[in-house]
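Structure assessment
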Amino acid sequence: MRYYLINLFFISILFSSCESDDVKPTPVVAGFENTSLSLGLDQNELTVNIVLSTAVNQDTEVQIDVTDGQGTENGVDYTTEPGIVDGQLMLSVPNGSSSASFIINKLQNPDFDEVKSMTFTLQAVGADGEIGTTNALSVTFEENPVSMGAVLEPSVGGEAQPNQVFVDLSTNSETVVQRDTWDFGFYSGTDFRVILNTTVGALARPLDKNDLNDVTSEDTVGFGAQLDLDAIFGAAIVPPPPPIFLSESASWTDNPEGNLNGNAIGAISSIAAENPVYIVNRGSDVEGNNRGWLKIRVLQSGSGYTLQFAEINAISFNEITIQKDNNFNFQFVEVENGLVSVQPESSNWDIAFTTNTGLLGLGPVITIPYSLRDVVIQNRNNVSIAEVPVEDEVTFESFSITDVDSNLLSAEINTIGTSWRTVASPTPGSVTAVSSDRFYVVNDTEGNLYKLRFTRLFDPVTEERGFPRIEYQLL
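Residues numbered from 1 in each chain as written. Predicted model: local features only at pLDDT ≥ 70, side-chain atom pairs only at ≥ 80, totals over all residues. Heavy atoms only, no water.

Among the residues of helix 1 (residues 229–236), L229, I232 and A235 are the ones counted as buried. Down the axis of helix 1, the sector holding all buried residues measures 130°, keeping them to one side. For helix 1, the elements touching its buried residues are strand 16 (203–206), helix 2 (246–249), strand 23 (351–361) and strand 24 (367–378). Where helix 1 begins, one side-chain oxygen reaches toward the backbone nitrogen of D230, 3.0 Å away; that side chain belongs to D228. (Buried < 20%, exposed > 50% of the residue type's maximum accessible area, 1.4 Å probe, protein only. Helix = DSSP H or I, 4+ residues; strand = E, 2+ residues; numbered from the N terminus. Arc of directions from axis to C-beta. Contact = heavy atoms within 4.5 Å. Polar contact = N/O pair within 3.5 Å; in protein donor to acceptor, adjacent residues only side chain to side chain.)

What the five strands build is an open sheet, ordered 11-28-27-26-25; its pairing is antiparallel. Looking at which strands have only one partner, the edges of the open sheet turn out to be strand 11 (149–152) and strand 25 (384–389). Strand after strand, the sheet turns through a mean of 25° between neighbouring axes, direction not considered. With four bridges connecting them, strand 26 (residues 438–443) and strand 27 (residues 449–458) associate as antiparallel partners. When the bridges of strand 27 are listed, Y440 appears paired with L452. (Pairing = 2+ DSSP bridges. Axes fitted to C-alpha atoms, helices over the stretch in contact; angles between N-to-C directions.)

Taken as a whole and assessed by the stated rule, the structure comprises 14 salt bridges. As a salt-bridge pair, R465 and D374 come within 2.4 Å of each other at their nearest N and O atoms. Placement of the pair is R465 in strand 28 (residues 465–474) and D374 in strand 24, with a sequence separation of 91 residues. In this structure, R465 and D374 share a single accessibility class: buried. Where E397 meets R453, a salt bridge forms, and the shortest distance between an N and an O atom there is 3.1 Å. Residue E397 is located in the loop between strand 25 and strand 26, and its partner R453 is located in strand 27; the two are separated by 56 residues in the primary sequence. Given a relative accessible area of 56%, E397 falls into the exposed group. With relative accessibility at 23%, the residue R453 sits in the partly exposed group. (Salt bridge = Lys/Arg side-chain N within 4 Å of Asp/Glu carboxyl O.)

Our focus in this paragraph is the sheet that holds strand 22 (residues 338–340). Strands sit in the order 15-14-21-22 across an open sheet of four strands; the sheet is antiparallel. In the strand order of this sheet, the two ends are held by strand 15 (194–196) and strand 22, each with one partner. Averaged over neighbouring strand pairs, the angle between their axes works out to 35° when direction is ignored. With three bridges connecting them, strand 21 (residues 330–334) and strand 22 associate as antiparallel partners. Following the sheet pairing, E334 is matched in strand 22 by G338.

Below is the structure:
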């Protein structure tokens, strides 16, 4: 798991008042990574990070003063590593390092009817270092701690964006899943619905048959030049008239807004004979290789599902039984490995970074599927989001709980989508490429309201795409 809270350090190069070409070294500026942290009921230790504006050029000591709150006592309620002596904690930053950390160990769970806390304050950074604006950290003991906010760098994985990253704002945490490790998702709600893995460009097309063993390659003649995202896009850019199949291609992918009624695989009927065979192009893996083709059929099985699947010319098929689990939005299957873990429990994530298959209009009649990167979706379980335009009177910094209009919050999973970024490649001199004219309000799965903005799309050093950063604060 990789996420960091990066503080804003204001560093200036000081010039001599008498000699304009006498430049003094840039001082090292230190600050806490977070301004507040909590130890929950099930947490026994906590790592506190201090970040420096640049690497030190010699071993450097950082002095931190520690103040216990009412009812909190070092050695009784907690200890630290390294330890606290006379109210001070000393950290050693080795030569060449730009960070330091210490550990807080909880010795006992306090009475959660009382707020127990301690405060850590930066006092000195070596002989010449400076203290940044995030010079104090408050740590509390809470039964169910809720994050006050953070800066996160979701582990999307770079240019190819190989990972789906599910973010839980209230715990500052992420769950990372390689996006080519599943094929189908089976809905755990009341309806019987199936989703494709649109993160890898999978497509599905129904046949007028309902027995897998009756389907052969003769039923799929021409599909290779049609049921494929690259083939569809290639056909769309040839001189008119467009191929007839283009007008059907939008129905071969799932609705990108998350409406399950618009999925490529229709509702699964309780009457077995009404469930057709589908030909599925499984899309491409994260290396760009085709994942192969299948013929599949999905049936209701009690309160769950049965997936039948085989290679297209096979004369027999395999089956996987899938039970619904109300703790999750979907149960996921990879045909080689059966049931696999993808999304966390529906109460344990709020937004996800992913790739997806979108729909592109080519005029009043034809819409085609195409591959999208930098997509942010939201949890369909009790998460709602509103986009807030930045104006003279409304900025991210000034926006408060009283400014929230609950009528603007949307449960559509694609509320953010790709609206947070502005370009597909870095502009000269800038590698942020984010939409600075908007931010978002997120009502998370626990009813917490956060304001959230995107601050980066590209790696600032390598200028490689797929290194987003978000900042959010509890309202």
